[in-house]
Amino acid sequence: MAGGGEAEDNPLPINVVPMVDIIFCLCVFFMCSLHFKQLEGKFDTWLPKGKGTGGVSTGDTPLPQEIRVALQWDEQTELTQRMLGTRKVPNDDELQQLIKSAYDDFVKLNRPDIPVTIDAEARVPMDDVIRVVNICKRNKIDNIEFALGAPPPGVK
């Protein structure tokens, strides 16, 4: 009875092999033509060798031949303090202008490969570090380095 019922329910037999072949070919085609999206926010940076262990130098030792932006965490205000050399910079616009003028000075000295070194404490939020990187990119400075500073107090 089961065999007789199937013949009555499906009067025309359908061959699904060609349909499976077409679907397989379409899957292979779409997999081969797939292009992956580039990662957003990717930028080339590296840790410099032998730099960044002492912060901004003062006194008799000469300043390094770089543009150094120091980022320090202020416990009292719970904000990041930014310094370009020994000068405190209160906002992004002023920091952008100072970095641009310092970079332009090095370009005039025929040193366009001078790096901008970001020296951030470990307690500084990553958002503030990326903000400085974006300022450098807006000024078309591609040579950005990160200085490896001392760990925060209590961290070994």
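Residues numbered from 1 in each chain as written. Predicted model: local features only at pLDDT ≥ 70, side-chain atom pairs only at ≥ 80, totals over all residues. Heavy atoms only, no water.

Undergrad: Would you take a moment to explain the overall build of the chain for this structure?
TA: When helices and strands are tallied, the chain shows four helices and five strands. In sequence order, the chain lays out its α and β elements as α-α-β-β-β-α-β-α-β. Counting only residues that meet the buried cut, the chain has 27% of its 156 residues in that class. Restricting to contacts in the chain with at least 6 residues of sequence separation, those with at least 24 account for 66%. (Helix = DSSP H or I, 4+ residues; strand = E, 2+ residues; numbered from the N terminus. Buried < 20%, exposed > 50% of the residue type's maximum accessible area, 1.4 Å probe, protein only. Contact = heavy atoms within 4.5 Å.)

Undergrad: I keep staring at the pairing of strand 2 (residues 79–84) and nothing clicks. Help me out?
TA: Look at any regular strand and the pattern is simple: side chains alternate between the two faces of the sheet. By the bridge criterion, six bridges tie strand 1 (residues 67–74) to strand 2 in an arrangement that is antiparallel. Bridge pairing in strand 2 places A70 opposite M83. Hairpin remark: strand 1 followed by strand 2, antiparallel, with four residues in the connecting loop; positive phi at E78, about 55°. Here strand 2 pairs with strand 3 (residues 87–89) via three bridges, running antiparallel. Bridge pairing links R82 to V89 in strand 3. Linkage of strand 2 to strand 3, two consecutive antiparallel strands, is achieved through a turn of two residues, within which G85 is found at a positive phi near 70°. (Pairing = 2+ DSSP bridges.)

Undergrad: Just to check I follow, could you spell out the packing of aromatic side chains for this structure?
TA: The geometry of an aromatic ring pair comes down to the distance between the two centres and the angle between the two planes. Across all of its chains, the model carries one aromatic pair by this definition. Between the aromatic rings of F29 and F30, the centroid separation amounts to 5.3 Å while the plane-to-plane angle is 65°, which identifies the pairing as edge-to-face. By relative accessible area, F30 is classed as exposed at 53%. (Phe/Tyr/Trp six-rings, centres within 6.5 Å; stacked < 30°, edge-to-face > 60°.)

Undergrad: Would you explain the side chain of E66 in this entry?
TA: With respect to the helices, strands and loops of the structure, E66 is situated in the loop between helix 2 (17–32) and strand 1. Only 2.7 Å separates the side chain of E66 from the side chain of R68, close enough to count as a polar contact. (Polar contact = N/O pair within 3.5 Å; in protein donor to acceptor, adjacent residues only side chain to side chain.)

Undergrad: Would you mind showing me how to read the sheet that holds strand 2 here?
TA: Pairing between sheet strands relies on hydrogen bonds along the backbone, with the strands arranged either parallel or antiparallel. In spatial order, the strands read 3-2-1-4-5; together these five strands make up an open sheet with mixed pairing. Across the chains shown, the open sheet's two edge strands, defined by having one partner strand only, are strand 3 and strand 5 (144–147). In this sheet, neighbouring strand axes are inclined to one another by 30° on average, regardless of whether the strands run parallel or antiparallel. Contacting strand 1, strand 2 and strand 3, helix 3 (residues 92–108) crosses the sheet at an angle of about 155° to strand 1. (Axes fitted to C-alpha atoms, helices over the stretch in contact; angles between N-to-C directions.)

Undergrad: Sorry if this is basic, but what is going on with a nonpolar patch on the surface here?
TA: Taken together, the side chains of I14, V16, M19, V20 and I23 define a hydrophobic patch exposed on the protein surface, amounting to about 500 Å² of accessible area. Looking at the element boundaries, M19 is found in helix 2. (Patch = residues over 30% accessible without salt bridge, like charges linked within 9 Å, V, L, I, M, F, W, Y side chains within 5 Å. Areas by Shrake-Rupley, 256 points an atom, 1.4 Å probe, with all protein chains shown as cover. Salt bridge = Lys/Arg side-chain N within 4 Å of Asp/Glu carboxyl O.)

Undergrad: What is the right way to look at the environment of D128 in this model?
TA: Within the secondary structure, D128 sits in helix 4 (residues 126–138). Separated by 48 residues in sequence, D128 and T80 place their C-alpha atoms 7.4 Å apart. Look past the residues within four positions of D128 in its chain and what remains in contact with it is L71 and T80. Engagement of the side chain of D128 in a polar contact is seen with the side chain of T80, the distance being 2.4 Å.

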